[in-house]
Amino acid sequence: MPDFELENKYEGASVVGIDEAGRGPWAGPVVAGAVVIADKNLDNFLLTGLNDSKKLSAKKRETLYEKLFEAEAEGKLKIGIGQASAEEIDEHNILQATFLAMNRAVGALGQKPDVALVDGNQKPKGLCCDCQTVIKGDAKSYSISAASIVAKVYRDRLMAALAQKYPHYGFEKNAGYGTAAHVSGLQSHGVVKGVHRFSYKPIQKFA
């Protein structure tokens, strides 16, 4: 379970947790969340519920997402969200596009943090502050866990909205991953420019 141990190492500093969602899917943007927890006296639901977003049910993630934005409205934390489009993923590759989304998420905070805790083992290029990478960080740090949930829910909602426009691929259920329903949609309706990631090998079969 996450805690504030990593954040507490930087006493007096503004610490942002950063995580991404959507590196693996065949369609849609990659999305990054950035969260600065200014007041650690958070709602008990958040303190007991925050965890690696992949370990939580969709319903629990949605509730935590709403609670995080309530906490932001109360001035307890700051949330930034950034994304890089399918075209940018094709242009730069998924890793560089992820870094781009992370930089945009930090930029959307409205404040410059002193240090970033980033999930994974790679430091985003161009970040405006010092950076510590944390493997499995969304299960260790409240800030990273919060960023993980923000990125995941925001992206899932984006993909559900895309499903309204392009109903043949099952985006509302698979979020752009290569499920059987997605493959079936590709076989019958082809690829969608600006939505599918043409640099991904499975998509190249249908392009």
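Because the structure is a prediction, the values reported are computed rather than measured.

Student: So what's going on with the side chain of Asn-51? Residues and values would help.
Tutor: Along the chain, Asn-51 turns up in the loop between helix 2 (44-49) and helix 3 (58-73). Since its relative accessible area comes to 13%, Asn-51 is described here as buried. Residue contacts for Asn-51: discarding those within four places in its chain leaves Met-1, Pro-2, Leu-56, Asp-138, Ala-139, Ser-145 and Ile-149.

Student: Give a detailed account of unusual backbone geometry, specifying residues and quantitative values.
Tutor: A positive phi angle, close to 90 degrees, is found at Asn-93, a residue other than glycine. When you line up the elements, Asn-93 lands in the loop between helix 4 (86-92) and helix 5 (94-107). For Lys-136, which is not glycine, the phi dihedral falls at a positive 55 degrees. With respect to the element layout, Lys-136 can be found in the loop between strand 5 (130-134) and helix 6 (142-165). The exposure class of Lys-136 is exposed, given its relative accessible area of 62%.

Student: If you had to explain the packing of helix 3 against helix 6 to someone new, which residues and values would you point to?
Tutor: At their nearest, the axes of helix 3 and helix 6 sit 9 Å apart, and the two run at 110 degrees to each other. Taken together, the axis directions place helix 3 and helix 6 in an arrangement best described as roughly perpendicular. Note on packing geometry: the crossing formed by helix 3 with helix 6 is left-handed. For the pair helix 3 and helix 6, the contacting residues are Arg-61, Glu-62, Leu-64, Tyr-65, Glu-66 and Leu-68 in the first and Ala-146, Ile-149, Val-150, Lys-152, Val-153, Tyr-154, Asp-156 and Arg-157 in the second. Residues belonging to the contact of helix 3 with helix 6 are distributed by class as follows: 8 nonpolar, no polar and 6 charged.

Each value, and the rule that gives it
- Residues numbered from 1 in each chain as written.
- Predicted model: local features only at pLDDT ≥ 70, side-chain atom pairs only at ≥ 80, totals over all residues.
- Heavy atoms only, no water.
- Helix = DSSP H or I, 4+ residues; strand = E, 2+ residues; numbered from the N terminus.
- Buried < 20%, exposed > 50% of the residue type's maximum accessible area, 1.4 Å probe, protein only.
- Contact = heavy atoms within 4.5 Å.
- Axes fitted to C-alpha atoms, helices over the stretch in contact; angles between N-to-C directions.
- Parallel < 35°, antiparallel > 145°, perpendicular 65-115°, else oblique.
- Left-handed = near helix turned anticlockwise from the far one by under 90°.
- Nonpolar A, V, L, I, M, F, W, Y, C, P; charged D, E, K, R; others polar.

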